[in-house]
Structure formats: C-alpha cells, structure tokens
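Spelled out, the chains give:
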Amino acid sequence: MAWCPKCKCEYVEGITVCADCECELVEKLPEEGTEPEITQQEALAMMQVMMESGKGIPEELFNSVEAIPKKASTPYHQSRYVNNEEKAEENRASAIALLAVGGIGLVATVLFYFDYFDINSSLIGKYVISGVMGVVFILFIIMGIVSLRNSRILRKEAHKENNLTAEIKKWCIENLYEDEIDRLLDVEQQSVELKYFQRFDYVKSTIQNQFMNLDEDYLDRLIEEIYSEIFKEDDE
C-alpha cells in the first residue's frame, strides 16, 4: 500500500501521487512525532486544493501555517480563470501576428516566384518552393482571420460578462457585511488564514444561491477582487 505523507490517505498499489495534495506517495508513514514540517506555501496550496474539491480542511493543517502579515499582497486563492475580455485581447494579438507574418511571407513568396530573389534554384525547384511557402503563408492569413473573428465574438461575450460581474459586485457590496458574516461564522478568535477561507467559502455559497450556474473559476476570481471591499479589517 502507498500513503500520502501530508494528508495520510491510503492508496492502492500503482498510484504514485496523492489526488488531494498532489505530492508523491510513500511506502509507509513516519512515526508519530517525526512528521516532516511543511512550508507555509505548501499548506496554503493544500488548503486551496481541499476547498476546491469540496473536502473539509483539518484543523491541524491550519495550525501548521505560520501567521501571515495582514498586509500580505498575495491572495490565498489563485484563480485560473481568464475572462472573455482577456481572451479577446489574446486572440487579437495572435491575429495581428499571424496576419503580419502571413502577409509578409506571401509577398516574399511572390517576389521569389518572379525572380526578385536569386537563390540559384531550378525551375521545378522554384515552383515547388513557391507553392509550398505560398500555401503555408496563406494558412497563416486564414488562421489570423479566424483569430480576429474569435476576438470580435469574445468582445461581445465580454460585454455580457462585465455586466454580470458588475451586477454581482454591486449585490455583494449592498448585501454582504463583514460584521454580520463574522458573527454567523464565529471567526473572531480564528487565525487570519482560517478566517479567510471560512469567509471565502461563505461568500461563494451565498453568491451561488443568488446567481445560478456560475463558473467555479469565474466565481473564485470575482471573490478575490471584491474580498477586500467586504472585509476591510485585515487590510488596516
């Protein structure tokens, strides 16, 4: 059998990586009192993975994390979500690059075909090179046109997404209050890290109840953006 040295879950033979902690498994666990210490970043990463998988976070995991300064600029959650506005800009940049390369290459191919460039190739070789390069650069241009089209579609979707984001943020500011949430969660005596995760989870579930069918990564990023507007005491 294999064991995870961090969460101590047991796995059948053949599995080498823990599904929750994403660390390599060991053949046996160390004896009590000899567990290797984990770094603060490792503990925070483990807590985030457990929250995203819907599993509870052991209290001892929070206790293993050293206190983080209140003015820490790096959020505990690291969202992977890329919004439609950013996707549109990426597609636009790709389209410009593809069209530029395709256009310049096609012009160079035409000049080569009409002997503006002399590379001492045979007539057949000139036709083959011109044909192959022409097809390649035409494909670049087609890909650029497709990327530009996708960029325009994504910009329209971004407009809808931005309106939804503004609506959710407005609702959160008007309906979610730090004192009320902390009283419901009873987190006054909790560590900064535990308080953050409990608040984050509460805000997330509340928004999900109010706005249905939201993408998980989209919601995580949105909460990261508005967290400091709702909970101000940790930034003072």
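Quantities reported herein were computed from a predicted structural model and do not represent experimental measurements.

Reading the values: rules and limits
- Residue positions are counted from 1 within each chain, in the order its sequence is given.
- Whole-chain, interface and lining totals are the exception, using all residues; otherwise, since this is a predicted model, local features are given only for residues with pLDDT of at least 70 and side-chain atom pairs are given and counted only at 80 or more.
- Side-chain metrics rest on all non-hydrogen atoms present in the structure, leaving aside hydrogens and water.
- Whenever a carboxyl oxygen of Asp or Glu lies within 4 Å of a side-chain nitrogen of Lys or Arg, that contact is scored as a salt bridge.
- Where helices and strands are cited, they refer to DSSP runs of H or I of at least four residues and of E of at least two residues respectively, numbered from the N terminus.
- Buried, partly exposed and exposed residues are distinguished by accessible area as a fraction of the type maximum, computed with a 1.4 Å probe on protein chains only: under 20%, between the cut-offs, and over 50%, respectively.
- Here an angle of 0 to 180 degrees is reported between the N-to-C directions of two axes, which are lines fitted to C-alpha atoms, with helices fitted over the stretch in contact.
- Angles are sorted into four bins: roughly parallel if under 35 degrees, roughly antiparallel if over 145, roughly perpendicular if 65 to 115, and oblique for all others.
- By convention, the crossing between two helices is left-handed when the near helix turns anticlockwise from the far helix through less than a right angle, and right-handed when the turn is clockwise.
- Any two residues whose heavy atoms approach within 4.5 Å at even a single point are treated as in contact.
- Each residue is assigned to one class: nonpolar for Ala, Val, Leu, Ile, Met, Phe, Trp, Tyr, Cys and Pro, charged for Asp, Glu, Lys and Arg, and polar for all the others, Gly among them.
- Surface patches are defined over residues having more than 30% relative accessible area and no salt bridge, joining like charges when they lie within 9 Å and nonpolar side chains (Val, Leu, Ile, Met, Phe, Trp, Tyr) when within 5 Å.
- Throughout, the Shrake-Rupley method with a 1.4 Å probe supplies accessible areas, and for residues the shown protein chains are the sole cover considered.
- Only Phe, Tyr and Trp rings are paired, with Trp represented by its six-membered ring, and only when their centres lie within 6.5 Å; those with planes under 30 degrees apart are stacked, over 60 edge-to-face, the remainder tilted.
- Helix span is expected to be 1.5 Å times the residue number reduced by one.
- Nitrogen and oxygen atoms within 3.5 Å of one another constitute a polar contact, given that in protein one can donate a hydrogen and the other can accept it, and given that sequence-neighbouring residues count only through two side-chain atoms.
- We call a set of buried residues a nonpolar core when its members are Ala, Val, Leu, Ile, Met, Phe, Trp, Tyr or Cys and they connect through side-chain atoms within 4.5 Å of each other.

Visitor: Would you mind going over the pattern of salt bridges with me for this structure?
Guide: Any two side chains of opposite charge can pair, given that their charged atoms come close. Evaluation of the coordinates by the stated rule reveals nine salt bridges. Ionic pairing is found between E178 and R199, a salt bridge with its closest N-O pair at 3.7 Å. Of this pair, E178 sits in helix α5 (residues 178-185) while R199 sits in helix α6 (residues 192-210); the two residues are 21 residues apart in sequence, bridging distant segments of the chain. For the residue pair E178 and R199, the accessibility class agrees, reading buried in each case. Between E216 and K204 there is a salt bridge, with its nearest N and O atoms 2.7 Å apart. Of this pair, E216 sits in helix α7 (residues 216-230) while K204 sits in helix α6, placing them twelve residues apart in sequence.

Visitor: Teacher, can you tell me more about the packing of α6 against α7 here?
Guide: In a pair of packed helices, the angle between the axes and the distance between the axes together describe the arrangement. Two elements in contact, α6 and α7, have axes whose closest approach is 10 Å; the angle formed by their N-to-C orientations is 120 degrees. Relative to α7, the element α6 lies oblique. With respect to the hand of their crossing, α6 and α7 are arranged in right-handed fashion. Residues K195, Y196, R199, F200, V203, K204, I207 and Q208 of α6 form the contact with α7, whose own contacting residues are E216, L219, D220, L222, I223, E224 and Y227. Here the contact of α6 with α7 is built from residues that sort into eight nonpolar, one polar and six charged.

Visitor: I would appreciate a short explanation of the environment of F211 in the present structure.
Guide: Summarising the element assignment, F211 is placed in the loop between α6 and α7. The buried category is assigned to F211, whose relative accessible area is 12%. Excluding residues that lie within four positions of it along the chain, F211 makes contacts with E167, I168 and W171.

Visitor: Just checking my understanding: could you explain a nonpolar patch on the surface for this structure?
Guide: On the surface, a cluster of nonpolar side chains totalling about 710 Å² of accessible area is made up of V107, V110, L111, Y113, F114, Y116 and Y127. For the nonpolar patch, the leading source of residues is helix α3 (residues 84-113), giving four residues. You can see Y127 is positioned in helix α4 (residues 123-175).

Visitor: How should I be thinking about the packing of aromatic side chains in this particular structure?
Guide: Aromatic ring pairs are defined here through the distance separating the ring centres and the angle between the ring planes. Under the criterion given, the structure shown has nine aromatic pairs. Summarising the aromatic geometry, the rings of W171 and F211 are spaced 6.0 Å apart at their centres and angled 90 degrees between planes, so their arrangement reads as edge-to-face. Of this pair, W171 sits in helix α4 while F211 sits in the loop between α6 and α7, placing them 40 residues apart in sequence. Note on W171: relative accessible area 18%, which makes it buried. When the ring of Y196 is compared with that of Y227, the centres are 4.8 Å apart and the planes differ by 55 degrees; the resulting orientation is tilted. Placement of the pair is Y196 in helix α6 and Y227 in helix α7, with a sequence separation of 31 residues.

Visitor: What should I look at first to understand α3 in this one?
Guide: For an α-helix, the turn length of 3.6 residues means that residues three or four places apart are oriented alike. Compared with the 44 Å implied by 1.5 Å per residue over 30 residues, the 42 Å span of α3 between its first and last C-alpha is a close match. Those residues of α3 not exposed but buried are N84, A88, N91, A95, L98, G102, G105, T109 and F112. If you check the start of α3, you find a side-chain oxygen 3.2 Å away from the backbone N of E85, and it comes from N83. D115 lies just past α3 and shows a positive phi near 65 degrees.

Visitor: Teacher, can you tell me more about the nonpolar core here?
Guide: Nonpolar side chains in soluble globular proteins tend to end up buried together. By size, the foremost hydrophobic cluster in this structure holds 21 residues, and its most contacted members are I168, C172, L176, V203, I207, L214 and I230. Taken together, the elements giving at least two residues each to this core come down to α4, α6 and α7. Element by element, the count of residues in this core is highest for α7, at seven residues. Ignoring sequence-local partners within four residues, the contact set of I168 consists of I207, F211, L214, Y218 and L222. Counting seven residues, the second-largest nonpolar core is a separate cluster that includes A2, Y11, C18 and C23.

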